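Structural features, examined
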Amino acid sequence: MASQDQYLSFSSSGFGKWLTGTLGLPQPIPLVRYRPGKPELRGPVVVGAAPGSKIEDFLASALRAMGAVTLYHPDSADWRLAAGRHEVMTGRFVPEDSGRTGALLFDATAIADTEGLKALYAFFHDTIRSLATNGRIVVIGTAPEDADSIEAAAIQRGLEGFTRSLGKEVRRAVAVQLVWLKPGGEASLDSTLRFFLSGRSAYVSGQTVRVGVPVTGVVDRPDPARSQAGRTVLITGASRGIGLSIAETFARDGAQVVLLDIPPAASELAKHAERLGGAALALDITSPDAQDAIAADAAGRGGYDVVVHNAGITRDKTIAKMSASQWDSVLDVNFAAPLHITEKLLVAKAIRPNGRVVFVSSLSGIAGNLGQSNYALSKAALIGAVGKLAPLAATEGVTVNAVAPGFIETQMTAAIPFAIREAGRRMNSMSQGGLPVDVAETIAWFAHPGSGGINGAVVRVCGQSLLGA
Ligand SMILES: NC(=O)c1ccc[n+]([C@@H]2O[C@H](COP(=O)([O-])OP(=O)(O)OC[C@H]3O[C@@H](n4cnc5c(N)ncnc54)[C@H](O)[C@@H]3O)[C@@H](O)[C@H]2O)c1
């Protein structure tokens, strides 16, 4: 879908750039998104590591799989050796590379005291100016709960403040993330690095995610362009907007897609399902027979590999003016139905091992929003469901995660009054709204066969929005 953001188009033109610069107005930079067949990286990756790390070989292997050209920071001799072992092309970083590197990757896993943080400072102090627009920054740390000392745990937690600040400081469409590695998570770093270092994560910034032991113990490294090949994916609310983009993204990556939406959308649904070589399921998820109908569909297909709960509605009113039916319908569609369908599918073992459940929550569920007490409650409740379901589903080899989109350009947001819409678009580090595909790519990363080490996560797709920050 083309962006409806006319200010972005205007301010990216020659005259618009001059005018907005002169007036001191926001100057959003068009985001470069993943395109099959195009290079995933914007340029060489500068790699640095604090002394004592034990993950260089995993990083080198993951970067090699991405076809990365790497440069090493002078303080990171260990990395140079690992790169040599894995035949990752490497050269020494020089400051004259200004504006030309594609990503900065720093391994902070071994930092345990403030003395160790000096390596973090030196790396970013020296390299940050070298990043091209739309570049990427990834810091890998140790999950604080797994650190060996109070100081180490505190410092690892501190990395969150550091990366979030870089996101706000660098801007220029650069996305910055922190990956907290848990013991045994090294082997499943691949899909996460590929997501965070590429244009797939264009509108995801300021996020922290834990990567642990995969729930199935299996780590696949499939063909990156067909990572969902052989997998069957159910997407609810798939006749338009974000849901349709999720279906298109999974079909692009080789999945068999099952598109579900309400009966009035049946003809649109059938049209899109046919175009994507998938199937259509015209069904209201709140109808009394919905759970059985979905379980029967899953059984008929030998189970689903991925279930994406995207269907959602808003019925905005302040609490005093809200009718009981507005309250009920939002909770039923957005929360109760997705939860009960998930429980039914898990009990029926209708989600195959190495399967995924992904809920579409919302920034409203994190920050709250005027007139959305029903909606924010339902979306926050999905985050609560993730916390409780994730460890239970793991025993079946299934992960449960959520995305929380911020301002995404859809029919839902086109209906927002102009001034509020403009504020929603600009109040983030990217100074623009996201596209449905940004949410879809994030869900596809959770659903990647190699992402079994990410369970119980909530990742915001909001361009590092100031709301709920
Ligand atoms: N657009 C945004 O900025 C934004 C931000 C945060 C979260 N979200 C969430 O993303 C999801 C998709 O949003 P969108 O903007 O594409 O909305 P949309 O209204 O364009 O699409 C929602 C789809 O869900 C379907 N649906 C509604 N009730 C259903 C039911 N009972 N059974 C089956 N299908 C049903 C609708 O028919 C529609 O096709 C929603 O859960 C929404 O809350 C959107």
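Note that the coordinates shown come from a computational prediction; the quantities given were computed from them, not determined experimentally.

1. Remarks on the site of the ligand
Around the ligand, 27 residues are found, and the nearest of them are Arg240, Asp261, Asp284, Asn310 and Tyr375. Between the ligand and Arg240 there is a distance of 2.8 Å, counted from an oxygen atom to a side-chain nitrogen or oxygen. Burial of the ligand by the protein amounts to 93% of the accessible area it has alone, namely 830 Å². When residues of the shell around the ligand are traced back to their parent elements, those giving at least two are helix 8 (241-252), strand 9 (256-261), helix 13 (373-394) and helix 14 (411-414).

2. A look at the sheet that holds strand 9
Each strand in a sheet pairs with its neighbour through backbone hydrogen bonds, running either in the same direction (parallel) or in the opposite one (antiparallel). Pairing within the open sheet is parallel, and its 7 strands lie in the order 10-9-8-11-12-13-14. Strands at the two margins of the open sheet, each flanked by one partner only, are strand 10 (279-282) and strand 14 (458-461). Each adjacent strand pair in this sheet contributes to an overall mean axis angle of 20°, direction not counted. Sheet topology places strand 11 (residues 304-309) next to strand 12 (residues 351-360); 5 bridges connect them, and they run parallel. Within strand 12, the position partnered with Val306 by the bridge is Arg356. On the sheet, helix 13 packs against strand 12, strand 13 (398-405) and strand 14 and is oriented at approximately 160° with respect to strand 13.

3. Topic: the UniProt feature "domain: Ketoreductase" (unreviewed entry) in the protein chain
This chain's UniProt record puts "domain: Ketoreductase" (unreviewed entry) on residues 231-406. Its end C-alpha atoms 28 Å apart, residues 231-406 is made of 47% helix and 22% strand.

4. Focus on the pattern of salt bridges
A full pass over the atoms with the stated rule returns 24 salt bridges. In this structure, Arg33 engages Asp438 in a salt bridge whose closest nitrogen and oxygen atoms are separated by 2.8 Å. Within this pair, whereas Arg33 is found in the loop between helix 2 (14-22) and strand 1 (45-49), its partner Asp438 is found in helix 16 (residues 436-447), the two being separated by 405 residues in sequence. Since its relative accessible area comes to 1%, Asp438 is described here as buried.

5. Details of a nonpolar patch on the surface
Taken together, the side chains of Ile319, Trp327 and Leu377 present a nonpolar region at the surface, about 280 Å² in accessible area. Tracing the chain through its elements places Leu377 in helix 13. Owing to a relative accessible area of 38%, Leu377 belongs among the partly exposed residues under this scheme.

6. Things to note about the pairing of strand 5 (residues 131-142)
By the criterion of burial, strand 5 is predominantly enclosed, with 11 of the 12 residues buried. One ladder, built from 6 bridges, connects strand 4 (residues 101-107) with strand 5; its direction is parallel. Its bridge partner being in strand 5, Phe106 is matched across the sheet by Val139. A crossover links strand 4 with its parallel partner strand 5, the connecting element being helix 5 (residues 117-127), and its sense is right-handed. In the sheet, strand 5 pairs with strand 6 (residues 175-181) via 7 bridges, with the strands oriented parallel. Across the sheet, residue Val139 finds its bridge partner in strand 6, namely Leu178. In terms of handedness, the path from strand 5 via helix 6 (residues 150-170) over to strand 6 forms a crossover that is right-handed.

7. Regarding the side chain of Thr142
With respect to the helices and strands, the residue Thr142 is situated in strand 5. Among the residues examined, Thr142 registers a relative accessible area of 18% and is labelled buried. Within the structure, the side chain of Thr142 is placed 2.7 Å from the backbone oxygen of Thr109, a separation counted as a polar contact. Among all residues touching Thr142, those that are not within four sequence positions of it are Thr109, Ala147, Gln156, Trp180 and Leu181.

8. A word on the side chain of Ser76
Residue position: Ser76 is located in the loop between strand 2 (70-72) and helix 4 (77-85). Exposure remark for Ser76: the relative accessible area of 4% places this residue in the buried category. Here Ser76 is in contact with Val47, Gly48 and Ala49, once residues within four sequence places are set aside.

9. Here we look at the pairing of strand 1
A large share of strand 1 lies buried, amounting to 5 of its 5 residues. Of the two faces of strand 1, the one carrying Val45, Val47 and Ala49 and the one carrying Val46 and Gly48 are both buried. As paired elements, strand 1 and strand 2 share 3 bridges and run parallel to each other. For Val46, the partnering residue across the bridge sits in strand 2 and is Leu71. What joins strand 1 to strand 2 is helix 3 (residues 56-65), and the crossover it makes is right-handed. Bridge analysis of strand 1 against strand 4 gives 5 bridges, and the strand direction is parallel. By the bridge assignment for strand 4, Val45 is matched with Ala103.

10. A short note on unusual backbone geometry
With a phi close to 65°, Asn134 is a non-glycine residue in the positive phi region. Looking at where Asn134 falls in the secondary structure, it is placed in strand 5. One non-glycine residue, Lys349, lies in the positive phi region at around 50°.

11. Description of helix 16
Counted at 1.5 Å a residue, the expected span for helix 16 with its 12 residues is 16 Å, and the 17 Å between its end C-alpha atoms agrees. Across the 12 residues that make up helix 16, a large majority, 11, are buried. All of the buried residues in helix 16 are Pro436, Asp438, Val439, Ala440, Glu441, Thr442, Ile443, Ala444, Trp445, Phe446 and Ala447.

12. Some details on the packing of aromatic side chains
The full count for this structure, using the stated rule, is 8 aromatic pairs. Ring geometry for Phe195 versus Phe196: centroids 5.3 Å apart, planes at 45°, classification tilted. Each member of the pair, Phe195 as well as Phe196, is classed as buried. What links up through ring pairs into an aromatic cluster is the set Phe106, Phe123, Phe124 and Phe162.

13. What about the sheet that holds strand 7 (residues 207-211)?
The 7 strands are arranged 3-2-1-4-5-6-7 in an open sheet whose pairing can be described as parallel. Since the sheet does not close on itself, it has two edges, and those belong to strand 3 (90-92) and strand 7, each with one partner. Put simply, the sheet's adjacent strands are angled 25° from each other on average, direction ignored. Here strand 6 runs beside strand 7; their pairing, made up of 5 bridges, is parallel. Bridged to Val179 within strand 7 is Val209.

Thresholds applied
Residues numbered from 1 in each chain as written. Predicted model: local features only at pLDDT ≥ 70, side-chain atom pairs only at ≥ 80, totals over all residues. Heavy atoms only, no water. Near = heavy atom within 4 Å. Polar contact = N/O pair within 3.5 Å; in protein donor to acceptor, adjacent residues only side chain to side chain. Areas by Shrake-Rupley, 256 points an atom, 1.4 Å probe, with all protein chains shown as cover. Helix = DSSP H or I, 4+ residues; strand = E, 2+ residues; numbered from the N terminus. Pairing = 2+ DSSP bridges. Axes fitted to C-alpha atoms, helices over the stretch in contact; angles between N-to-C directions. Contact = heavy atoms within 4.5 Å. UniProt positions renumbered as here; feature names shortened; annotations may be inferred. Salt bridge = Lys/Arg side-chain N within 4 Å of Asp/Glu carboxyl O. Buried < 20%, exposed > 50% of the residue type's maximum accessible area, 1.4 Å probe, protein only. Patch = residues over 30% accessible without salt bridge, like charges linked within 9 Å, V, L, I, M, F, W, Y side chains within 5 Å. Right-handed = clockwise from strand over helix to strand, strands pointing away. Expected span 1.5 Å × (residues − 1). Phe/Tyr/Trp six-rings, centres within 6.5 Å; stacked < 30°, edge-to-face > 60°.

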